[in-house]
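# Coordinates in review
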Amino acid sequence: MTQNKTNITLAFLLISLMAFSCAGNSKNSEGSKGPQIEYRVVESDDYSQELWATKDGQFQNTGIGDVVWIIDQRDYDGDGLEEAFIGESAGGSASWSSIVFFDKESNTFRKVEFRNLDVSLNDSVEEWNGKWSFTGGGDAHHERFIYEKGRILKVEDYTKPMPDGVISN
């Protein structure tokens, strides 16, 4: 009788361990849909910073950067791959922002820049109409942009109306 109880207990333990193991495997396979990307800034020998990425477990240089910093990283366009919202500078006081993304067709990292804007971008990302967006400007005038399929699109442009009787130059 004691032998039967021990066998039943062992059998129950083995079944529990197998069920737990299978549940863990399905969770891992759910979380590993498509390539996983994480961006990092790496100091180079000449004191500049380069943007590197870990993609599918391999650490690789994106080829982007002189002086670069990561503002934010997430999947901005919903394609299953993370992009990086970065700041860049060629030295001095001039700087601009870019989105770095992995181009599945060319199998390379590329960037699209927020250049020649009418506003300076705020270094923040916010959800807007179900999409991640980037804003610039201030109270009197602001613009909003989204990233989609390798392009930056302006989706909002607002200028506060002047009060009645005020003439603008």
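Coordinates for the structure precede this section.
Residues numbered from 1 in each chain as written. Predicted model: local features only at pLDDT ≥ 70, side-chain atom pairs only at ≥ 80, totals over all residues. Heavy atoms only, no water.

### A look at the overall build of the protein
Let me state the cut-off plainly: Elements are defined by DSSP. Helices are runs of H or I of four residues or more, strands are runs of E of two residues or more, and each kind is numbered from the N terminus. A 1.4 Å probe rolled over the protein chains alone gives each residue an accessible area, and that area as a share of the maximum for its type sets the label: buried under 20%, exposed over 50%, partly exposed in between. Note on contacts: a residue pair is in contact if any heavy atoms of the two residues lie within 4.5 Å. Here, Shrake-Rupley sampling with a 1.4 Å probe gives the accessible areas, and only protein chains in the shown set may cover a residue.
Of the regular secondary structure elements, the protein holds one helix and eleven strands. Burial status across the protein gives 27% buried among its 169 residues. Partitioning the intrachain contacts of the protein with sequence separation of at least 6 by distance along the chain shows that 27% fall at a separation of at least 24. On the protein, roughly 11,400 Å² of surface is accessible, and the fraction owed to carbon and sulfur atoms is 51%.

### A few points about the environment of Q73
To keep it simple, the criterion reads: Any pair of N or O atoms that falls within 3.5 Å is considered a polar contact. Within protein, one atom must be able to donate a hydrogen and the other to accept it, and sequence-neighbouring residues count only if both atoms are side-chain atoms.
One can find Q73 in strand 4 (residues 67-74). In this structure Q73 comes out as partly exposed when scored by relative accessible area, which is 25%. For the pair Q73 and F85, spaced twelve residues apart in sequence, the C-alpha separation works out to 5.8 Å. Excluding anything up to four places from it in sequence, Q73 contacts E38, Y39, E82, E83 and A84. A distance of 2.8 Å separates a polar atom in the side chain of Q73 from the backbone nitrogen of Y39.

### As for the sheet that holds strand 9 (residues 131-137)
Heads up, the rule is: The pairing criterion for strands is at least two bridges between them, as found by DSSP. The convention used is that axes are lines fitted to C-alpha atoms, helices contributing only their stretch in contact, and that angles between N-to-C directions extend from 0 to 180 degrees.
Strand order in this open sheet of four strands is 8-9-10-11, and the pairing throughout is antiparallel. Strands with a single pairing partner mark the edges of an open sheet, and in this sheet they are strand 8 (121-128) and strand 11 (151-159). The sheet shows a mean angle of 30° between the axes of neighbouring strands, direction not considered. Where strand 9 meets strand 10 (residues 141-148), five bridges bridge the pair, whose relative direction is antiparallel. Across the sheet, the residue bridging to T135 is R144, located in strand 10.

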